Amino acid sequence: MKSQLSKPARSKASYTEEYKREALQLWRSSGRSAAKVAAELGIRAPLLYRWAHLEREVNVSKSESKPSRSIPELEAEIRRLRAENAKLLEQREVLKKSLGILSEAPPRGMPEFNR
């Protein structure tokens, strides 16, 4: 009968938030790959990627929790954008008409431009 050798249980390493931030800062500022930075720190590269992902999720949730603008502010912005949109539509129509006028062949009585 064969006896199985069991691997010794590895304890899960825990890192402080400060260490994680410093490791991510080192990785981002160095311009090197995650694998190289992780090897220097004695950790695996996927761990750096996981920390970066978690940091992005935290930042996104913080930005979503910002208080939204009030209804009067939003209505004022809508009015401003509608006015700007109307002005741009009018400018576009003017440009279309001027392009049509400039693209027409000159009347027969007009002298032609020679180069």
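Our subject is the structure that appears above.
Residues numbered from 1 in each chain as written. Predicted model: local features only at pLDDT ≥ 70, side-chain atom pairs only at ≥ 80, totals over all residues. Heavy atoms only, no water.

Quick look at the overall build of the protein now. Helix and strand counts for the protein stand at 4 helices and 0 strands. The helix and strand sequence of the protein, counted from the amino end, reads α-α-α-α. Relative to its full complement of 115 residues, the protein shows a buried share of 10%. Contacts in the protein between residues at least 24 apart in sequence constitute 40% of all its contacts with a sequence separation of at least 6. Just so you have it, the protein exposes about 11,000 Å², and 56% of that area is on carbon and sulfur atoms. (Helix = DSSP H or I, 4+ residues; strand = E, 2+ residues; numbered from the N terminus. Buried < 20%, exposed > 50% of the residue type's maximum accessible area, 1.4 Å probe, protein only. Contact = heavy atoms within 4.5 Å. Areas by Shrake-Rupley, 256 points an atom, 1.4 Å probe, with all protein chains shown as cover.)

This next bit is on the packing of aromatic side chains. Scanning the model with the defined rule gives 4 aromatic pairs in all. Arranged with centres 5.3 Å apart and planes meeting at 15 degrees, the rings of Y15 and Y19 form a pair that is stacked. What makes Y15 partly exposed here is its relative accessible area of 29%. Since its relative accessible area comes to 25%, Y19 is described here as partly exposed. Between the aromatic rings of Y15 and W51, the centroid separation amounts to 5.3 Å while the plane-to-plane angle is 70 degrees, which identifies the pairing as edge-to-face. Of this pair, Y15 sits in the segment before α1 (17-30) while W51 sits in helix α3 (residues 45-64), and the two are 36 residues apart along the sequence. Its relative accessible area of 6% is what places W51 among the buried residues. In this structure an aromatic cluster arises from ring pairing among Y15, Y19 and W51. (Phe/Tyr/Trp six-rings, centres within 6.5 Å; stacked < 30°, edge-to-face > 60°.)

Moving on, we get to the layout of surface pockets. In this structure, the largest pocket occupies an estimated 380 Å³ of space. As for the largest pocket, its lining consists of 13 residues, of which K12, A13, Y15, L47 and R50 are closest to the centre. The biggest single contributor to the lining of the largest pocket is α3, with 4 residues. When the residues that make up the lining of the largest pocket are grouped by side-chain class, the tally is 6 nonpolar, 2 polar and 5 charged. The volume enclosed by the second largest pocket comes to roughly 210 Å³. For the second largest pocket, the full set of lining residues is E17, K20, R21, L24, W51, L54, E55 and V58. (1 Å grid on protein atoms, 1.4 Å probe; cavity = no way out; pocket = protein on both sides within 12 Å on 5 of 7 lines; lining within 4 Å. Points joined across faces, edges and corners; volume = space filled by probe spheres on them. Nonpolar A, V, L, I, M, F, W, Y, C, P; charged D, E, K, R; others polar.)

Judged by nonpolar contacts, A23, L24, W27, A34, V37, A38, I43, A45, L47, L48, W51 and A52 together constitute the single largest core of 12 residues. Elements represented by at least two residues in this core include exactly α1, α2 (34-41) and α3. The element contributing the most residues to this core is α3, with 5 residues. When sequence neighbours within four positions are dropped, the list of residues in contact with A23 reads V37, L41, L48 and W51. (Core = buried A, V, L, I, M, F, W, Y, C linked by side-chain atoms within 4.5 Å.)

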